Amino acid sequence: MVDFTLTDEQKALREMAHDFAEKEIRPVAWEYDRDGTWPEEILRKAWELGLMNGHTPEEYGGPGLTYLEGAIVEEELSWGCSGIATSIGANGLATAPLGVAGSEELKRKYLGMLTEEYKLASFCLTEPDAGSDVSGMRTTAVRKGDKYVINGSKCFITNGGYADWYTVYAKTDKEAGHRGISCFVVPRDDTVTVDKKEDKMGQRASNTATITFNETEIPADHLIGEENKGFKIAMMTLDRTRPGVAAMATGIARAAFEFATEYSKERVQFGVPIAMHQAIQFMIADMATKVHISRLATWNSAVLLDQGRRNTIESSHAKRFAADAAMEVATDAVQVYGGYGFIKDYPVEKLMRDAKIMQLYEGTSQIQRLVIARETLLPRRIEEPATV
Ligand SMILES: Cc1cc2nc3c(=O)[nH]c(=O)nc-3n(C[C@H](O)[C@H](O)[C@H](O)COP(=O)(O)OP(=O)(O)OC[C@H]3O[C@@H](n4cnc5c(N)ncnc54)[C@H](O)[C@@H]3O)c2cc1C
């Protein structure tokens, strides 16, 4: 049955997330954006309300939200501010590899750590010379007895400066390209250094840092899954997290659409509100369609995961469409505001800057198209179970 009708519980969850975005995030979002400050107080409140670690199963202390419910929450928080929403959601990205392939011991210890008290974790895949093509990564993990020793630098790591532990991808076989990558849980200790906090165009409230591992020793059982299966774990992780990014993009687009709609009814030019001009109406109509289709594609990709089915192409459709749509909608919102849209006293220029990252992180829009082309030209059966 095709049905996106939300249950009463899901509606209440959406209302709770919206309320939080409206009361705790919106009023300060533009201030945090201007100053680029770390929204710790908001993150702590989100943790207390159970808006963080949403997908963590109840047995590890989390609320055990479905992927659809996670997407509903992400859209609302991002409607408030996608930079703050990214900081709230980053634990989900860091913990997803444990959900895909982590041992019971690792899940109990490290998922439990995040739900017992307010703590953060980060996902460390990208390196200065290995972004879209992670096979070129240089970070290594060398097995020494009952330990692995990790060396290397990861860049653009969300919440990296504040994380208590990291999910780290490293080469365990330097000659094997993407087949030589493994995935580890790495607790932060004094061999882990935070080298650089990025000064960003948008999402300025989120922390983005370079993290370096200097002879960092971890127990051998901190390997997630099997050695040299890290690439597959990363791809399966992104299948699970891209619906969340698509939901965030939908939240940005919706915010821009709402601001533009309201402004078009108030701003008078040529003796009538600009909403009376057909050119503006068509921009508003296109925005409405893009928000609507972004949400449908997002929910579709999330529901497949909830049904235990592989959603690779659907999550790329959703992420690609919603990210590009958010950029277009935010740009058009600036257009509706005219010159005022370009001025920082008005809300939409921030949304245009924030929207840009949606086309970049968790696989650029070009990489989504590569995935979609591959899945279209060499289709795999959708019924394939979503396990490693
Ligand atoms: C704010 C922010 C937060 C981030 N958070 C994290 C995080 O928490 N953890 C993490 O691991 N990473 C994170 N990233 C990294 C992000 O995922 C990468 O920036 C992204 O994957 C792109 O890699 P790159 O920047 O090296 O670009 P490149 O891979 O160098 O790409 C440059 C351009 O070339 C295009 N391109 C590359 N290859 C192809 C191809 N085969 N075909 C067509 N076009 C191609 C790209 O689409 C892009 O337009 C973050 C980045 C930012 C900016």
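Okay, so let's go over this structure. Note that the coordinates shown come from a computational prediction; the quantities given were computed from them, not determined experimentally.

## Description of the side chain of threonine 86
1) Next: Locating threonine 86 in the fold gives a position in helix α4 (residues 82-101).
2) Next: Judged by its relative accessible area of 7%, threonine 86 falls in the buried class.
3) Next: If near-sequence neighbours (up to four positions away) are discounted, threonine 86 is found in contact with Thr158, Gln203, Ser206, Met248 and Tyr361.

## Digging into the site of the ligand
1) Next: Around the ligand lies a shell of 18 residues, among which Thr126, Ser132, Phe156, Thr364 and Gln366 are the nearest.
2) Next: Leucine 125 has a polar backbone atom sitting 2.9 Å from an oxygen atom of the ligand.
3) Next: In the environment of the ligand, an oxygen atom lies 2.6 Å from a nitrogen or oxygen atom belonging to the side chain of threonine 364.
4) Next: Summarising the interface, the protein chains cover 64% of the accessible area of the ligand, which totals 970 Å² for the free molecule.
5) Next: For the shell around the ligand, the leading source of residues is strand β3 (residues 147-158), giving three residues.

## Here we look at empty space enclosed by the protein
The gaps left among the atoms become clear once a water-sized probe is rolled over them.
1) Next: Counted according to the given criterion, the structure contains one cavity of 30 Å³ or more.
2) Next: In this structure, the largest cavity occupies an estimated 30 Å³ of space.
3) Next: Forming the walls of the largest cavity are Gly36, Thr37, Trp38, Tyr162, Lys197, Arg204, Ala205, Ser206 and Asn207.
4) Next: Classifying every residue of the lining of the largest cavity by side-chain character gives three nonpolar, four polar and two charged.

## So, the packing of aromatic side chains
The description of an aromatic ring pair uses the distance of the two centres, along with the angle that the planes make with each other.
1) Next: Applying the stated criterion across every chain yields a total of ten aromatic pairs.
2) Next: Centre to centre, the rings of tyrosine 166 and phenylalanine 213 are 5.8 Å apart; their planes meet at 85°, and the pair counts as edge-to-face. Highlighted residues: tyrosine 166 in strand β4 (residues 165-171) and phenylalanine 213 in strand β7 (residues 208-219), separated in sequence by 47 residues. This pair shows no difference in class: tyrosine 166 is buried, exactly as phenylalanine 213 is.
3) Next: Here a set of aromatic residues connected by ring pairs shows up, and it is made of Tyr263, Tyr337, Tyr340 and Tyr346.
4) Next: Across the ring face of tryptophan 30, the terminal group of lysine 350 is positioned such that the distance to the ring centre comes to 5.3 Å.

Definitions and cut-offs
Residues numbered from 1 in each chain as written. Predicted model: local features only at pLDDT ≥ 70, side-chain atom pairs only at ≥ 80, totals over all residues. Heavy atoms only, no water. Helix = DSSP H or I, 4+ residues; strand = E, 2+ residues; numbered from the N terminus. Buried < 20%, exposed > 50% of the residue type's maximum accessible area, 1.4 Å probe, protein only. Contact = heavy atoms within 4.5 Å. Near = heavy atom within 4 Å. Polar contact = N/O pair within 3.5 Å; in protein donor to acceptor, adjacent residues only side chain to side chain. Areas by Shrake-Rupley, 256 points an atom, 1.4 Å probe, with all protein chains shown as cover. 1 Å grid on protein atoms, 1.4 Å probe; cavity = no way out; pocket = protein on both sides within 12 Å on 5 of 7 lines; lining within 4 Å. Points joined across faces, edges and corners; volume = space filled by probe spheres on them. Nonpolar A, V, L, I, M, F, W, Y, C, P; charged D, E, K, R; others polar. Phe/Tyr/Trp six-rings, centres within 6.5 Å; stacked < 30°, edge-to-face > 60°. Lys NZ or Arg CZ within 6 Å of the ring centre and 35° of its normal.

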